[in-house]
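# Residue-level structure breakdown
Listed here are the chains, written in short residue letters.
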Amino acid sequence: MSDRVAIGVDAGGTKVAGLLVDVGDGGRVLVRQEVATPAADAEAATRTIVAVVRELMAEGPALAVGVGAAGMVGLDGVLRFAPNVAWREFPLAERIQRAVGLPTIVDNDANVAAWGEFRFGAGMGSGDMLLVTVGTGIGGGVVTGGRLFRGAHGFAAEIGHVIVEPNGPRCGCGNLGCWEQMASGRAVGRLGRKAVVDHPESLLLELAGGNPNAVTGPIVTAAAKEGDPVAVHVLAEVGRRLGEGIAGLVNILDPEVVVVGGGVIEAGDLLLEPARLACHDVVEAPEHRPAVPIVSAYMGQDAGDSVAANL
Ligand SMILES: [Zn+2]
């Protein structure tokens, strides 16, 4: 163990995952803790984080705590709004710091994931990187000139909430047809349920126990990996929407590399290859710019945590 050990916490709507990380040893994870989030109660959710941090503090001499939270985090560490946890205008960093006695930083979970991939993962060696996390929704993190881009208030890179399909499905933010409704795990599940009605012969129906409504994103991925053409088509469709959105972001940011993380990357190239093709098709003047690699995140589920430890 080096003398630079820190604690990273991924505070999500379903679980609080804490890691004791050796930052001085390339972000090596020493100990992992995971507890369900009492999401309906802001105080209970905070106590859960504090308990996880204290348990990790007992395992090694940590210098600091970094928390990645799924929500809008101000530059002052105040969690303004979390769509899936009851935190509203909640001084999360201050509360944790006071309870555990270690310097504590709270940031948006996709921001810390981006910083993690930049420091230790698929963005290493680049100066300008875009991270797109594709899970239930879509999150983003931007590193530009070697620094995390936060915006004026800390809310930058909420890339999932750009409207790409007016009158499309209702989004958690209240709008219709946000990108995250068209190109996330939720979209994979929705298109899978639709496809299985027209194609009852698909492996999808069998894996869903014969119930079209039971088709989920992971079931589509599993069927596609078995070669089911209907499932492969669904992932290709979602991958295309993903790639079109990435092309727009490439036009804006001109990154060296685009790193795609989140649960949906389980599908691998079944999703990413259609995304690469679509991005190349619609990005401005592809023949006059270097191709931007679209690659999988290295750290998967650990990205947010291990980097939170290093903020
Ligand atoms: Zn939205």
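Residues numbered from 1 in each chain as written. Predicted model: local features only at pLDDT ≥ 70, side-chain atom pairs only at ≥ 80, totals over all residues. Heavy atoms only, no water.

In this section: empty space enclosed by the protein. According to the stated counting rule, one finds one cavity of 30 Å³ or more in the structure shown. In this structure, the largest cavity encloses a volume near 30 Å³. Forming the boundary of the largest cavity are Gly71, Met72, Val73, Asn108, Gly154, Phe155, Ala156 and Glu158. (1 Å grid on protein atoms, 1.4 Å probe; cavity = no way out; pocket = protein on both sides within 12 Å on 5 of 7 lines; lining within 4 Å. Points joined across faces, edges and corners; volume = space filled by probe spheres on them.)

What follows covers the coordination of the zinc ion. Only His161 (ND1), Cys171 (SG), Cys173 (SG) and Cys178 (SG) from the protein coordinate the zinc ion, and they sit 2.1 to 2.3 Å from it. Classification of the site at the zinc ion as tetrahedral follows from its four donor atoms and the range of 104 to 120° in their angles at the metal. Coordination of the zinc ion draws on donor residues from a single chain, spaced H-x9-C-x1-C-x4-C in sequence. Taken together, the residues His161 in the loop between strand 11 (147–148) and helix 4 (179–182) and Cys173 in the loop between strand 11 and helix 4 connect sequence positions 12 residues apart. Residue His161 is classed as partly exposed on the basis of its relative accessible area, which comes to 30%. (Donors = N, O, S within 2.8 Å, 3.2 Å for Na, K, Ca; no water. Tetrahedral: all angles 85-135°; square planar, octahedral: opposite > 155°, others 65-115°. Helix = DSSP H or I, 4+ residues; strand = E, 2+ residues; numbered from the N terminus. Buried < 20%, exposed > 50% of the residue type's maximum accessible area, 1.4 Å probe, protein only.)

A separate point is the pairing of strand 2 (residues 15–22). Within strand 2, seven of the eight residues are buried, which leaves the element mostly enclosed by the surrounding structure. As paired elements, strand 1 (residues 5–11) and strand 2 share seven bridges and run antiparallel to each other. Its bridge partner lying in strand 2, Asp10 is registered against Ala17. Where strand 1 folds back on strand 2, the antiparallel hairpin that results is connected by three residues. (Pairing = 2+ DSSP bridges.)

Under the 1.5 Å per step criterion, the end-to-end length of helix 1 (residues 42–57) is 23 Å for 16 residues, consistent within 8% with the ideal 22 Å. Looking at helix 1, one finds that the buried residues are Ala42, Ala44, Ala45, Thr46, Thr48, Ile49, Val50, Val52, Val53 and Leu56. Against strand 1, strand 2, strand 3 (28–36), strand 4 (65–69), strand 7 (88–90) and helix 2 (92–100) lie the buried residues of helix 1. The N-terminus of helix 1 is capped by Asp41, whose side-chain oxygen sits 3.0 Å from the backbone nitrogen of Glu43. (Expected span 1.5 Å × (residues − 1). Contact = heavy atoms within 4.5 Å. Polar contact = N/O pair within 3.5 Å; in protein donor to acceptor, adjacent residues only side chain to side chain.)

Turning our eyes to something else, we now look at unusual backbone geometry. A positive phi angle, close to 50°, is found at Glu89, a residue other than glycine. Relative to the assigned elements, Glu89 resides in strand 7. Of note in the backbone geometry, Asn167 takes a positive phi value of approximately 70° without being a glycine. Along the polypeptide, Asn167 turns up in the loop between strand 11 and helix 4.

Once that is clear, we can look at the nonpolar core. Within the largest apolar cluster, 54 residues are counted, with the highest numbers of intra-cluster contacts made by Val132, Trp179, Leu204, Leu242 and Ile246. Among the elements that take part in this core, helix 8 (residues 229–253) stands out by supplying 10 residues, more than any other. Ignoring any residue separated from it by four or fewer positions in sequence, one finds Val132 in contact with Ile138, Gly139, Ile159, Trp179, Leu242, Ile246, Val258, Val259, Val260 and Gly261. Counting residues in hydrophobic clusters, the runner-up holds 31 residues, among them Val9, Val31, Val50 and Val52. (Core = buried A, V, L, I, M, F, W, Y, C linked by side-chain atoms within 4.5 Å.)

So, on to the sheet that holds strand 10 (residues 138–144). Here we have five strands laid out as an open sheet, ordered 11-10-9-12-13, and mixed in their pairing. The outermost strands of the open sheet, each flanked by one partner alone, are strand 11 and strand 13 (294–296). For strand 9 (residues 129–134) and strand 10, the ladder comprises six bridges, and the chain directions are antiparallel. Its bridge partner being in strand 10, Leu130 is matched across the sheet by Val142. On top of the sheet, helix 8 reaches strand 9, strand 10, strand 12 (257–261) and strand 13; it is set at about 155° to strand 9, its chief contact. Relative to strand 13, helix 9 (residues 269–282) is tilted by about 165°, and along the sheet it contacts strand 12 and strand 13. (Axes fitted to C-alpha atoms, helices over the stretch in contact; angles between N-to-C directions.)

Below, the discussion takes up the pairing of strand 3. Every regular strand shows the same layout, with side chains that alternate between the two sheet faces. With eight bridges joining them, strand 2 and strand 3 adopt antiparallel strand pairing. In the strand pairing of strand 3, Val16 is matched with Val35. Following strand 2, the chain reverses through five residues before pairing antiparallel with strand 3; Gly26 in that reversal takes a positive phi of roughly 65°.

On to helix 7 (residues 217–225). All of the buried residues along helix 7 are Gly217, Ile219, Val220, Thr221, Ala223 and Ala224. Of the surrounding secondary structure, the elements contacted by the buried residues of helix 7 are helix 5 (185–198), helix 6 (203–207), helix 8 and helix 9. Phi turns positive one or two residues past the end of helix 7, at Gly227, with a value near 90°.

Turning to the pattern of salt bridges, a few remarks are in order. Applying the stated rule across the entire model yields 14 salt bridges. Arg32 serves as the salt-bridge partner of Glu34, at 3.1 Å between the closest nitrogen and oxygen. A relative accessible area of 38% means that Arg32 is categorised as partly exposed. Among the ionic pairs, Glu43 bridges to Arg95, the shortest N-O distance being 2.5 Å. With Glu43 in helix 1 and Arg95 in helix 2, the pair connects residues that are 52 residues apart, well separated along the chain. Look at Glu43 and you get partly exposed, because its relative accessible area is 34%. On the accessibility criterion, Arg95 (26% relative accessible area) is partly exposed. When salt bridges with common partners are traced through the structure, they connect Glu165, Glu237, Arg240, Arg241 and Glu244 into a single cluster. (Salt bridge = Lys/Arg side-chain N within 4 Å of Asp/Glu carboxyl O.)

So yeah, pure geometry; function would need other evidence.
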